[in-house]
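Per-entry structural report
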Amino acid sequence: MNSFNVKMQGKNQFIDDIWAHLKAFKLKLNLFAGQLAKNDLSHFSRLNSIPSVNEEKLKNYEDGLKKLHFEFELRFQDFSAIQTELDIFTMPFNVNCAAVRSDLQL
């Protein structure tokens, strides 16, 4: 969370850079929640060092990660709404020209 916060506050970033950081963080949250659901603690070194981890606590951690992901979805839904416009600048050849505003098609 701290490294994500630092990335979001960096200077001289374009909006697509910020959006990329946000998407990557949301993917990590999903990855971590999925791993906790399978009792895979490979990315949780402190939890992995505990001999027997309570499965109820793992479920609580998983739920917490899912709630955090949901909050990020809500808080940054404006970015999702302009996803196509952001993709024009990051991946211009992968965007369907007809799906873009006419002033940006050229």
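Because the structure is a prediction, the values reported are computed rather than measured. (Residues numbered from 1 in each chain as written. Predicted model: local features only at pLDDT ≥ 70, side-chain atom pairs only at ≥ 80, totals over all residues. Heavy atoms only, no water.)

One pass over the structure, following the stated rule, counts 4 salt bridges. Here K26 and E73 are joined by a salt bridge, their closest N and O atoms 3.0 Å apart. Here E73 lies in helix α4 (residues 55-75) and K26 lies in helix α2 (residues 15-37), a separation of 47 residues in the sequence. Residue classification places K26 among the buried positions, given a relative accessible area of 8%. Residue R101 pairs with D103 through a salt bridge whose shortest N-O separation is 3.1 Å. The class for R101 is partly exposed, based on a relative accessible area of 44%. Judged by its relative accessible area of 54%, D103 is exposed. (Salt bridge = Lys/Arg side-chain N within 4 Å of Asp/Glu carboxyl O. Helix = DSSP H or I, 4+ residues; strand = E, 2+ residues; numbered from the N terminus. Buried < 20%, exposed > 50% of the residue type's maximum accessible area, 1.4 Å probe, protein only.)

Here the focus is the environment of F89. Within the secondary structure, F89 is located in helix α6 (residues 83-90). Since its relative accessible area comes to 61%, F89 is described here as exposed. Note: C-alpha distance between F89 and E56 (33 residues apart in sequence) is 44 Å.

Let us now look at α4. Here α4 is 21 residues long and its end C-alpha atoms lie 30 Å apart, about the 30 Å a rise of 1.5 Å per residue gives. Buried residues in α4 make contact with α1 (2-9), α2 and α3 (45-48). (Expected span 1.5 Å × (residues − 1). Contact = heavy atoms within 4.5 Å.)

Judged by nonpolar contacts, the single largest core of 17 residues is most densely connected at L22, L36, L41, L47, F72 and F79. For this core, the secondary structure elements donating two or more residues are α2 and α4. Counting residues per element, this core draws most heavily on α2, which supplies 7 residues. In contact with F72, not counting residues within four places along its chain, are M1, F4, L22, F25, K26 and L29. (Core = buried A, V, L, I, M, F, W, Y, C linked by side-chain atoms within 4.5 Å.)

Residue placement: H69 occurs in helix α4. Look past the residues within four positions of H69 in its chain and what remains in contact with it is K26, L29 and N30.

Remark: α2 packs on α4, axes separated minimally by 9 Å, with the N-to-C direction vectors making an angle of 160°. On the basis of the axis angle, α2 is roughly antiparallel to α4. Considering the relative orientation of α2 and α4, their crossing is left-handed. Two secondary-structure elements touch here, α2 through L22, F25, K26, L29, N30, F32, A33, L36 and A37 and α4 through L58, Y61, E62, L65, K66, L68, H69, F72 and E73. Broken down by class, the residue content of the contact of α2 with α4 amounts to 12 nonpolar, 2 polar and 4 charged. (Axes fitted to C-alpha atoms, helices over the stretch in contact; angles between N-to-C directions. Parallel < 35°, antiparallel > 145°, perpendicular 65-115°, else oblique. Left-handed = near helix turned anticlockwise from the far one by under 90°. Nonpolar A, V, L, I, M, F, W, Y, C, P; charged D, E, K, R; others polar.)

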